[in-house]
Amino acid sequence: MELRIAGTANDSIVDGPGIRFTVFTQGCPHHCEGCHNPQTHDFEGGEICDTAELLKKISGNPLLDGVTFSGGEPFCQAKALAELGREVKKLGLDIITYTGYEFEELYKNREKNGWGELLEVTDILIDGKFILSQKDWNIKFRGSSNQRYLDCRASMETGIATDAEIK
């Protein structure tokens, strides 16, 4: 399946706990002021990549603890990322997904656009738009204090956002 990406990081230590392969999706509707990745906003930018090629890179790195889907906005390409995520899970790796949407909106609309499929493969969801006035250098793996670090599986079971322990 094809995915439009801005790029990847083969061994990130800032996009979640441990060593992570990060996929930066291309295209974002949020346009948060002060965004860390403004080059990912254009839906026509970046490059087209086959998810099988990404999986090959991921499976070729024995040091990885997990994979992170970042952006851009991953939920704009939820079906392709869910497909990749299912294969990543078979490798025994965890998945973190960053999103400018809040869990409640994604859960409510989980039947469309593949949102539910991506939520199902996500272990940790970091949700909420980046808010420049709430930027905080002292919180792990998030840019602003409004963003939540959620246990996506527990949240999906109850339909209520459930905080995860930050490692």
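Residues numbered from 1 in each chain as written. Predicted model: local features only at pLDDT ≥ 70, side-chain atom pairs only at ≥ 80, totals over all residues. Heavy atoms only, no water.

1. Structural notes on the overall build of the chain
Phase 1 of the analysis: Of regular secondary structure, the chain possesses five helices and seven strands.
Phase 2 of the analysis: Reading the secondary structure of the chain in the N-to-C direction produces β-β-β-α-β-α-β-α-α-β-β-α.
Phase 3 of the analysis: In terms of overall dimensions, the chain is globule-like: its C-alpha atoms have a radius of gyration of 15 Å, near the 15 Å expected for 167 residues.
Phase 4 of the analysis: With the C-alpha coordinates aligned to their principal axes, the bounding extent of the chain is approximately 40 × 35 × 35 Å.
Phase 5 of the analysis: Per-residue burial for the chain yields a buried fraction of 49% across its 167 residues.
Phase 6 of the analysis: When contacts within the chain are restricted to residue pairs at least 6 apart in sequence, long-range pairs at least 24 apart make up 65% of them.
Phase 7 of the analysis: Approximately 8500 Å² of the chain is accessible, and the part contributed by carbon and sulfur atoms is 49%. (Helix = DSSP H or I, 4+ residues; strand = E, 2+ residues; numbered from the N terminus. Rg over C-alpha atoms; globule rule 2.2 N^0.38 Å. Buried < 20%, exposed > 50% of the residue type's maximum accessible area, 1.4 Å probe, protein only. Contact = heavy atoms within 4.5 Å. Areas by Shrake-Rupley, 256 points an atom, 1.4 Å probe, with all protein chains shown as cover.)

2. Let's talk about the packing of helix H1 (residues 51–59) against helix H2 (residues 78–90)
Phase 1 of the analysis: Between H1 and H2, the least distance of the axes is 10 Å, while the angle of their chain directions is 30°. Handedness of the H1/H2 crossing: right-handed. Residue-level contacts link Thr-51, Leu-54, Leu-55 and Ile-58 of H1 to Ala-80, Glu-83, Leu-84, Glu-87 and Val-88 of H2.
Phase 2 of the analysis: A class-by-class count of the residues in the contact of H1 with H2 yields six nonpolar, one polar and two charged. (Axes fitted to C-alpha atoms, helices over the stretch in contact; angles between N-to-C directions. Left-handed = near helix turned anticlockwise from the far one by under 90°. Nonpolar A, V, L, I, M, F, W, Y, C, P; charged D, E, K, R; others polar.)

3. Quick word on the sheet that holds strand S4 (residues 66–70)
Phase 1 of the analysis: In space, the seven strands of this open sheet follow the order S3-S1-S2-S4-S5-S6-S7, with mixed pairing throughout. Looking at strand neighbours, the two that pair on one side only are strand S3 (47–50) and strand S7 (148–151), the edges of this open sheet. Averaged over all adjacent pairs, the angle separating strand axes in this sheet is 30°, with direction ignored.
Phase 2 of the analysis: Contacts from H1 reach strand S1 (2–12), strand S2 (20–25), S3 and S4 within the one sheet, and its direction differs from that of S3 by about 70°. (Pairing = 2+ DSSP bridges.)

4. Regarding the side chain of Thr-40
Phase 1 of the analysis: For Thr-40, the location among the structural elements is in the loop between S2 and S3.
Phase 2 of the analysis: Those residues in contact with Thr-40, other than ones at most four positions away along the chain, are Ala-6, Thr-25, Gln-26, Gly-27, Cys-28, Gly-71 and Gly-72.

5. Quick look at the nonpolar core
Phase 1 of the analysis: Membership of the largest hydrophobic core comes to 31 residues, with the highest contact counts inside it found for Leu-54, Ile-58, Phe-69, Phe-75, Val-88, Leu-118 and Leu-125.
Phase 2 of the analysis: Contributions of two or more residues to this core are made by S1, S2, H1, S4, H2, helix H3 (103–108), helix H4 (115–121) and helix H5 (152–158).
Phase 3 of the analysis: Of all the elements, H2 adds the most residues to this core, at six residues.
Phase 4 of the analysis: For Leu-118, the residues in contact, after removing those within four places along its chain, are Phe-69, Pro-74, Phe-75, Ala-78, Leu-81, Ala-82 and Thr-97.
Phase 5 of the analysis: Counting residues in each nonpolar core, the second largest holds seven residues, with Tyr-98, Ile-124, Phe-141 and Tyr-149 among its members. (Core = buried A, V, L, I, M, F, W, Y, C linked by side-chain atoms within 4.5 Å.)

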